[in-house]
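Secondary and tertiary structure notes
Residues per chain, in single letters:
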Amino acid sequence: MRNNLIDSLQETFGFVTELQKECLSFISPSKAGYHVWSPPCTPTCPNINNCPYDLILSFKIEKNNFLVALPKKRSKNLKITPASIIKFLQIVLETSFASEQKTNNILLLEQTLQFLAKQSNIEFYLFNNKGQIILSQNSSFVQLSPSDIWEKLGDANGSEGFIKTQWGNFYYHLFVKNDKPIGLIIWKIKSFQKNVNFCPSSKDYSFAIIGKNYHFTEIKKLIRQIAATEHTILLQGESGTGKELFARYIHHLSPRKDGPFIAINCAAIPENLLESELFGYEDGSFTGARRGGKPGKFELANGGTIFLDEIGDMPLPLQAKLLRVLEDRQVERIGATISRPVDIRVIAATNKNLKELIDAKLFREDLFFRLSVFPVYIPALRERRDDILLLLDFYLKNICLEQDKPFKIFSPETIEILQNYSWPGNIRELKNVVTYAVSLCKDDIITPQYLPKYLQNGVSFNKYQFTNVKSEHSFIEDEQLKNQLEILLAKYGKSTQSKKLIAQELGISLATLYRWLKKYRIR
């Protein structure tokens, strides 16, 4: 029993059993039950500032004492996720049932399960072989009828799967010994409030600013510092890195958080309409103008924050007008003879190199310096590969909840593919891939067959490979073109605006793109 449990701790979580000698002088094995240390274990520890462990766990089962630690530096393949903790729950239960522990040892099992369940953010119910609930961990009022559960289980196939109840879908695992059921555990991921994204840090609450990469956490620290100021911020980074999310996060942390947050994409609005959208217009200023006029985005953002996305695509004439707003904090509607004062904070973002645009006379240098009081570079996903597993786990959990599906895990082969992929579409592409896999996979484990075909084939997207598609597509094999379209849909998304960007990148009309999608039955 001892060897099995130690092996499962090491293989599943990366726990170590040989602690540093200094630690043993401060930590002693539990005489009964369990004890958890979150370093530093004591103020007098000599390694208080550089402890190598994230967690130390001491517990006792029967006559066996366990003292294990979770090191901060772990193998890339050993990550703590809800799925791995659920797996360990099963191992502990099976080990405990197999050893036929006495009733007075159930308390230890309960405490250990309670601790682990809280770490994995799950609700679970443990039944004995008589169908009685002997342990539960839940945050909501749920009345489960054991007889109903066992009846539903009779209609299910296999020792694992999921069952539907009025309280939602539950995943189940049936423990069997000598072909007879000896116990059952059912669980589900705890529900989150609608329109609120889970985030590991309370400071990041309501914003999925996910990442433990050193450079990424330094950026988050910088953001928290500059959010309290009134200065203009320029967010730079590739498409899909989360620039608008960061802009909203800055607004949320700022003194203006109770004011409006107005976002506008400068590249998505035609040049002849962008000026009226930003600055508004007076009654009768042009043919088709709304009676009474219309306030622009700057006026609507008064008292709050305006987010100018893709600022590098703003036409030069409007750049001069924007510079005037930044300097005077006043806007002048189209057709107006007076200016209106505005109290706003400006956050701009771009995926282009503005200095190159300045050299090409496509962007004003004085506007660049006005915007980049606080320049912030958001790294691409390939520059923080150590966050890929964390992001996969986060989106997998949330998308399963959104689609009301039982919790799933990625197979090792799938994880290897996703970790080694270059992610040119960054976090947006990663989320689309997870959504695609969850939508298609009816099993509990997502294998490579449920990934988009371009990932199955090991294709890495290169934006330059599509430069001449318009002239050469007749010579491209149908399957290759289909894969290329799937790559772009994964990168940009499937909205109408996204498809316009795809058509533009391919050098074809939107009608042609829709015809191709219909031809290859891509939805």
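Just above, that's the structure.
In this report, we go over the structure that sits alongside the text. (Residues numbered from 1 in each chain as written. Predicted model: local features only at pLDDT ≥ 70, side-chain atom pairs only at ≥ 80, totals over all residues. Heavy atoms only, no water.)

Quick word on the sheet that holds strand β10 (residues 261-265)
Taken in spatial order, the five strands of this open sheet run β10-β13-β16-β9-β17, and their pairing is parallel. Only two strands of the sheet have a single partner each, and these edge strands are β10 and β17 (374-377). Going from strand to strand, the sheet's axes swing by 15 degrees on average, the running direction of each strand aside. For strand β13 (residues 305-309) and strand β16 (residues 345-350), the ladder comprises four bridges, and the chain directions are parallel. Bridged to I306 within β16 is V346. Each of β9 (233-236), β16 and β17 is contacted by helix α6 (residues 214-227), which is oriented at about 155 degrees to β17, the strand it contacts most. (Pairing = 2+ DSSP bridges. Helix = DSSP H or I, 4+ residues; strand = E, 2+ residues; numbered from the N terminus. Axes fitted to C-alpha atoms, helices over the stretch in contact; angles between N-to-C directions. Contact = heavy atoms within 4.5 Å.)

What about the nonpolar core?
Within the largest apolar cluster, 30 residues are counted, with the highest numbers of intra-cluster contacts made by F298, L308, I311 and F363. Of all elements in the fold, only β10, α8 (271-279), β13, α10 (316-328), β16, α11 (354-359) and α12 (365-371) reach the threshold of two or more residues within this core. In terms of residue count, the dominant contributor to this core is α10 (five residues). Setting aside chain neighbours within four positions, we find F363 in contact with I311, G312, L316, Q319, L354, L357, I358, F368 and L371. Residues W423, I427, C441 and I446 belong to the second largest nonpolar core, which totals 29 residues. (Core = buried A, V, L, I, M, F, W, Y, C linked by side-chain atoms within 4.5 Å. Buried < 20%, exposed > 50% of the residue type's maximum accessible area, 1.4 Å probe, protein only.)

Side note on the packing of helix α19 (residues 496-506) against helix α20 (residues 510-519)
Contact pair α19 / α20: the axes reach a minimum separation of 9 Å and the direction vectors enclose 100 degrees. The orientation of α19 with respect to α20, classified from their angle, is roughly perpendicular. Facing α19, whose interface residues are T496, K499, K500, I502, A503 and L506, α20 presents L510, L513, Y514, W516 and L517. Split by residue class, the contact of α19 with α20 holds eight nonpolar, one polar and two charged. (Parallel < 35°, antiparallel > 145°, perpendicular 65-115°, else oblique. Nonpolar A, V, L, I, M, F, W, Y, C, P; charged D, E, K, R; others polar.)

What to know about the packing of aromatic side chains
Applying the stated criterion across every chain yields a total of seven aromatic pairs. Ring geometry for F394 against Y395: centres 4.9 Å apart, planes inclined by 75 degrees, an arrangement best described as edge-to-face. Exposure class is identical for F394 and Y395. Each is buried. Look at Y421 and W423: their rings are 4.8 Å apart centre to centre, the planes differ by 80 degrees, and that puts the pair in the edge-to-face class. (Phe/Tyr/Trp six-rings, centres within 6.5 Å; stacked < 30°, edge-to-face > 60°.)

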